[in-house]
Amino acid sequence: MTLPDLFDYSFIGRRHEVAIEWDREHTFGDIDDRASRMANLLAGRGVAAGDRICVYLPNCLEFIDLFLAATRLGVIFVPVNVLYRDREIRHILADADPVALITTAELQVHVPPGGTVWTLEELRSVVEEFPATRRVAVTDGEAPAAIVYTSGTTGASKGAVLTHNNFIANAVNLVTCWQITAADRLLLTLPLFHVHGLGNGVHAWLLSGCRMRLTERFAHEQAAGWMGEFAPTLFFGVPTMYVRMLEWPAADAAAIGGRMRLFVSGSAPLPAPVLEEFRGLYGHTILERYGMSETLMNISNPLYGERRPGAVGLPLPGVAVQNRRPDGTMAADGEVGELFLRGPNVFSGYWRKPELFTPGDWFRTGDIAVRAADGYYTLQGRRSDLIISGGFNIYPREIEEFLAEQPGVTEVAVAGVPDARRGEVPVAYVAGEFDAGALAEACRRHLASFKIPRGFVPVEKLPRTALGKVQKHLLPRWEP
Ligand code: MLC
């Protein structure tokens, strides 16, 4: 089976039902036709199976049209975070080698010159001329559907290649385990360029045939209004969104909670006190689950049964989990280990880096966990020094490499410091004769906003082990 076959449950089966609220209501038939026109447009420009297209767009209907068109043509869809700037985009373009990058006229200024760019505005002006005839060129469920770039421990991001079957396995699990049906109303405010919004949001919507209200982003000043008007029964969020929701008036919270069926959280750890406070206000226990770009969803608290605060729950169907000690033997229940995963959800490897992962192998997550005697997993941290801010992953190494290139910087370490809203934020510890304002400005110009260090702390030199490794836990405390 391929994604177009899966989505036909809704596109054919629920053709006349409302699928999405965006500028107005659109039926599944409308979305199907839009995807067909876009597929014909792409095919008319010579885009063919196996080619890559990069999509650097905020949430919009055309994002969905392009994704669906790509899955039909066997074209590999490469979403690019809209907060990325020239340095990050240059790397993705060089690595993915797409036939074109699609963006808005406004975002185009961040795209390095060279390579083919099609603007959203231009596509919009011509797509209606293409017929809504169906064109499906992919038949193999093991074909790649998307390459999702995920920050690498080496500084530069790597492209995780996800197949049609990976997305199908994930969607079937979520729809089954969270009992998502056509009667649901999904409010989707997550960015579509990550697997949380795309692999969970869009896929659960199209498989279940529910009604979705899509917004450009989670604007916390407006989100309470959307929840009031749209009355969702289902919401997928990152912890930062739930922290924001604690600030909403108690009467609104109770009304929203009264109509909701399920709140799900992922992409970053949900602090247990947030879960407790949220339960008091909204009358719901947020369901926390655990996933990654390379594997989609792995472990989830149950819909019925105990949603354990601080724990991510039990493995999803088909997902094999091993919690290994550093010597490769299995950790006992209650003992700390590192999670290794295998299953139909696990990706087929990193784009053009076959040496890093072989399909079918156990995937090493880098996540440190404990399994309780009753099977619930609790994450305890990461093997690497990954920072997660507002649900966006940051590898300190990438920022360190960039700052080390700046004038006056002799050495630099970046570490995550706790932040009540975002979970963590990055801070840079810098040795040398540098100007903090100039460093901040350079970061603003070349890096995504969530990667810009909140502070640049001068240090004489970095604390290192005898072997030269930086000891981040010995860095001075940062005070805002
Ligand atoms: C954030 N910003 C965005 C944006 N999200 N800009 C454009 N589009 C978006 N989608 C920018 C804002 O412009 C602002 O920039 C800054 O981020 C903070 O904005 P804010 O309004 O103050 O936001 P806040 O209330 O803190 O909430 C941030 C957030 C955002 C929760 C909306 O962090 C977010 O959407 N996170 C979701 C990340 C995600 O989807 N991760 C999934 C990864 S997949 P400035 O310049 O003013 O600072 C994965 C696997 C798995 O991890 O298991 O899910």
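Right above here is the structure, for reference.
Keep in mind it's a predicted model, so treat the numbers as computed, not measured.

Colleague: Is there a simple way to explain the layout of surface pockets in this structure?
Modeller: If a probe as big as a water molecule is rolled over the atoms, it shows which places are left empty. Considered as a void within the structure, the second largest pocket measures approximately 300 Å³ in volume. Around the second largest pocket sit 15 residues that line it, and Arg34, Glu62, Asp65, Val127 and Glu128 are the ones nearest its centre. Broken down by secondary-structure element, the contributors of at least two residues to the lining of the second largest pocket are α2 (28–44), α3 (61–73) and α5 (120–127). Here the element with the most residues in the lining of the second largest pocket is α2; it accounts for five residues.

Colleague: Would you explain α5 in this entry?
Modeller: Turn by turn, an α-helix covers 3.6 residues, leaving residues three or four places apart pointing in a common direction. Among the residues making up α5, those that are buried are Leu120, Leu123, Val126 and Val127. Mapping the buried residues of α5 onto a view down its axis gives an arc of 140°, with all of them on the same face. Where α5 is buried, its residues contact α2, α3, β5 (100–103) and β6 (117–119).

Colleague: What is the right way to look at unusual backbone geometry in this model?
Modeller: One non-glycine residue, Ala231, adopts positive backbone phi at about 50°. Residue Arg352 is not a glycine yet carries a positive backbone phi of 55°. According to the relative accessible area criterion, Arg352 is exposed, its value standing at 52%.

Colleague: Before we go on, may I ask you to explain the sheet that holds strand β16 (residues 320–324) in this structure?
Modeller: Hydrogen bonding along the main chain pairs the strands of a sheet, whether they run parallel or antiparallel. Read from one edge of the open sheet, four strands run β16-β17-β18-β19, paired in antiparallel fashion. Every interior strand has two partners, whereas the edge strands, β16 and β19 (377–382), have only one. Sheet twist, expressed as the average angle between the axes of neighbouring strands with direction ignored, equals 45°. Note: strand β18 (residues 363–371) against β19, five bridges, orientation antiparallel. Looking at β19, one finds that Ala369 is bridged to Leu379.

Colleague: Where do I start with helix α1 (residues 3–11) in this structure?
Modeller: A large share of α1 lies buried, amounting to seven of its nine residues. Buried within α1 we find Leu3, Pro4, Leu6, Phe7, Asp8, Ser10 and Phe11.

Colleague: What is the right way to look at empty space enclosed by the protein in this model?
Modeller: Tallied over the full model, the rule gives two cavities of 30 Å³ or more. Lining the largest cavity are Pro79, Val80, Asn81, Tyr84, Ile92, Val148, Tyr149, Phe193 and His194. Its residues assigned to classes, the lining of the largest cavity comprises seven nonpolar, two polar and no charged. Taken as a whole, the second largest cavity spans an internal volume of roughly 30 Å³. Of all elements in the fold, only α1 and α3 reach the threshold of two or more residues within the lining of the second largest cavity.

Colleague: So what exactly am I meant to see when it comes to the pairing of strand β14 (residues 296–300) here?
Modeller: Of all five residues making up β14, five are buried, and the element is well covered by its neighbours. Strand direction decides the pairing type here: strand β13 (residues 287–292) and β14, joined by four bridges, are antiparallel. By the bridge assignment for β14, Met292 is matched with Leu296. Pairing of β14 with strand β15 (residues 314–315) involves two bridges; the strand directions are antiparallel. Residue Ser300 lies in a different strand from β15, and its bridge partner there is Leu314.

Colleague: Could you clarify how one ought to interpret the pattern of salt bridges in this entry?
Modeller: Pairing between side chains of opposite charge can happen when their charged atoms approach one another. Evaluation of the coordinates by the stated rule reveals 35 salt bridges. Glu122 serves as the salt-bridge partner of Arg45, at 2.8 Å between the closest nitrogen and oxygen. Placement of Arg45 in the loop between α2 and β3 (52–56) and of Glu122 in helix α5 is noted, with a sequence separation of 77 residues between them. Residue classification places Arg45 among the partly exposed residues on the basis of a relative accessible area of 30%. With its nearest N and O atoms 2.4 Å apart, the salt bridge here joins Asp374 to Arg308. Taken together, the positions of Asp374 in the loop between β18 and β19 and Arg308 in the loop between β14 and β15 put the pair 66 residues apart, joining distant regions of the chain. Overlapping salt bridges bring together Asp8, Arg15, Asp32, Asp33, Arg72 and Arg134 as one network.

Rules used throughout
Within any chain, residue numbers begin from 1 and follow the written order of that chain's sequence. Residue-level local features of this predicted model are given only where pLDDT is at least 70; pairs of side-chain atoms are given and counted only at 80 or more, and the full residue set underlies all totals for whole chains, interfaces and linings. Only heavy atoms go into the side-chain values, all of them from the structure, while hydrogens and water stay out. Only protein atoms enter the calculation, which uses a 1 Å grid: trapped sets of points that fit a 1.4 Å probe without letting it out are cavities, open sets showing protein on both sides within 12 Å along at least five of seven lines are pockets, and any residue with an atom within 4 Å of a point is a lining residue. Grid points are joined across faces, edges and corners, and a volume is the space filled by probe spheres set on the points. Per the convention used, a helix needs a DSSP run of H or I reaching at least four residues, while a strand needs a run of E reaching at least two, with both numbered from the N terminus. Buried means the residue's accessible area, taken with a 1.4 Å probe over protein chains only, is under 20% of the maximum for its type, while exposed means over 50%, and partly exposed covers the values in between. Relevant arc is that of directions from the helix axis to the C-beta atoms, nothing else. Any two residues having at least one pair of non-hydrogen atoms within 4.5 Å are treated as being in contact. The criterion for strand pairing is that DSSP finds at least two bridges linking the strands in question. Simply put, an axis is a line fit to the C-alpha atoms, just over the touching stretch for a helix, and the angle between two N-to-C directions goes from 0 to 180 degrees. Under the scheme applied here, ten amino acids are nonpolar (Ala, Val, Leu, Ile, Met, Phe, Trp, Tyr, Cys and Pro), four are charged (Asp, Glu, Lys and Arg), and all others, including Gly, are polar. One speaks of a salt bridge when a side-chain nitrogen belonging to Lys or Arg is within 4 Å of a carboxyl oxygen belonging to Asp or Glu.

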